[in-house]
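One letter stands for each residue in the lines below.
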Amino acid sequence: MTERRSSSLSSRKQPQQARSTELVAAILDAAVQVLAKEGAQRFTTARVAEKAGVSVGSLYQYFPNKAAILFRLQSDEWRQTSELLRGILEDVARPPPERLRMLVHAFIRSECDEAAMRVALHDAAPLYRDAPEAQDRESGERTVAAFMREALPAASDATRTLAGELITTTLSAVGKQFSESRERPPRSTPMPTPWRICSAPTSKASIGSSEKIY
């Protein structure tokens, strides 16, 4: 079946009833499974519809094309990660240095847990990265800026901006290295740094500790 072409990433309609909500959830769940199994190159709306047990026509009621499905998966991933990191940075009950350590640990653990899916979404990015909707995602810059004002109250705005950019750039670089590492290497080969980190045991206690990640 020929993949339907459309430049839009926006959902055609939002589910209003429980049945419609369940249908969209089933489509997205199937999309995750198809993406994980087939990869971005073999990801099609027909395969997703078959996996979800719905007709392609039903799928098109909510998603105009495969790029819209992939963008929805990526948007959900962005939102979940942003909410996780924002919750840590805005936890004023903890001192800033502890929050920063927790931020790094939580980000790395998130990358470990979702490595395979994020690699697949990274491969699919060319399908939607230039669309207007893809430019609207929240960057978290305001959250980081507020944290830096609290962590470095005596520093100048320029210094706080630089420190915040250093944090976000470093985390982005780590995420990119995970994507470029692709798959977990065989036991007989040396592990790249990302996979060594994922293999290290992590406890709730260690997340708030002063141990360093190298």
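Bear in mind that the values here come from a model prediction, so they are computed numbers and not experimental data.

Participant: Looking at this structure, how should I read the pattern of salt bridges?
Facilitator: Where side chains of opposite charge bring their charged atoms close, a pairing between them can arise. Scanning all chains against the criterion turns up 8 salt bridges. The shortest N-O distance in the salt bridge between R42 and E38 comes to 2.9 Å. We classify R42 as partly exposed; its relative accessible area is 43%. On the basis of relative accessible area, E38 is assigned to the partly exposed category, the value being 24%. We note a salt bridge from R94 to D91, for which the minimum N-O separation is 3.1 Å.

Participant: Any chance you could explain the nonpolar core here in plain terms?
Facilitator: What tends to happen in soluble globular proteins is that the nonpolar side chains get buried as a cluster. Grouped together as the largest cluster of nonpolar side chains are 24 residues, with contacts concentrated most on L35, F43, V48, L59, F63 and I69. Of all elements in the fold, only α1 (18-38), α2 (45-52), α3 (56-60), α4 (66-89) and α6 (115-124) reach the threshold of two or more residues within this core. Per-element tally for this core: the top contributor is α1, with 7 residues. Those residues in contact with I69 that lie beyond four places of it in its chain are L28, A31, F43, T45, V48, L59 and F63. Core analysis: the second largest hydrophobic core is formed by 14 residues, L85, A106, C112 and L171 among them.

Participant: Mind showing me how you'd approach the confidence of the model for the protein chain here?
Facilitator: Low-pLDDT portions of the prediction should not be read for the details of their coordinates. Of the residues in the protein chain, 69% reach a pLDDT of 70 or more, and the chain-wide mean stands at 77. In the model of the protein chain, helix α10 (residues 204-207) stands out as the element of lowest mean pLDDT, 40, in contrast to α2, which has the highest, 96. Low pLDDT, under 50, characterises residues 202-214; the predicted model gives this stretch 19 contacts beyond four residues in sequence or across chains.

Participant: Any chance you could explain the packing of α4 against helix α5 (residues 96-113) here in plain terms?
Facilitator: The geometry of a pair of packed helices is captured by two quantities: the angle between their axes and the separation between those axes. Put simply, α4 and α5 touch, their axes get as near as 9 Å, and they point 160° apart. Between α4 and α5, the crossing angle belongs to the class labelled roughly antiparallel. In this structure, α4 crosses over α5, and the sense of that crossing is right-handed. Each of T81, L84, L85, I88 and L89 in α4 lies in contact with α5, whose residues at this interface are R99, M102, L103, A106, F107 and S110. Taken together, the residues that form the contact of α4 with α5 break down as 8 nonpolar, 2 polar and 1 charged.

Thresholds applied
Residues numbered from 1 in each chain as written. Predicted model: local features only at pLDDT ≥ 70, side-chain atom pairs only at ≥ 80, totals over all residues. Heavy atoms only, no water. Salt bridge = Lys/Arg side-chain N within 4 Å of Asp/Glu carboxyl O. Buried < 20%, exposed > 50% of the residue type's maximum accessible area, 1.4 Å probe, protein only. Core = buried A, V, L, I, M, F, W, Y, C linked by side-chain atoms within 4.5 Å. Helix = DSSP H or I, 4+ residues; strand = E, 2+ residues; numbered from the N terminus. Contact = heavy atoms within 4.5 Å. pLDDT = per-residue confidence, 0-100. Axes fitted to C-alpha atoms, helices over the stretch in contact; angles between N-to-C directions. Parallel < 35°, antiparallel > 145°, perpendicular 65-115°, else oblique. Left-handed = near helix turned anticlockwise from the far one by under 90°. Nonpolar A, V, L, I, M, F, W, Y, C, P; charged D, E, K, R; others polar.

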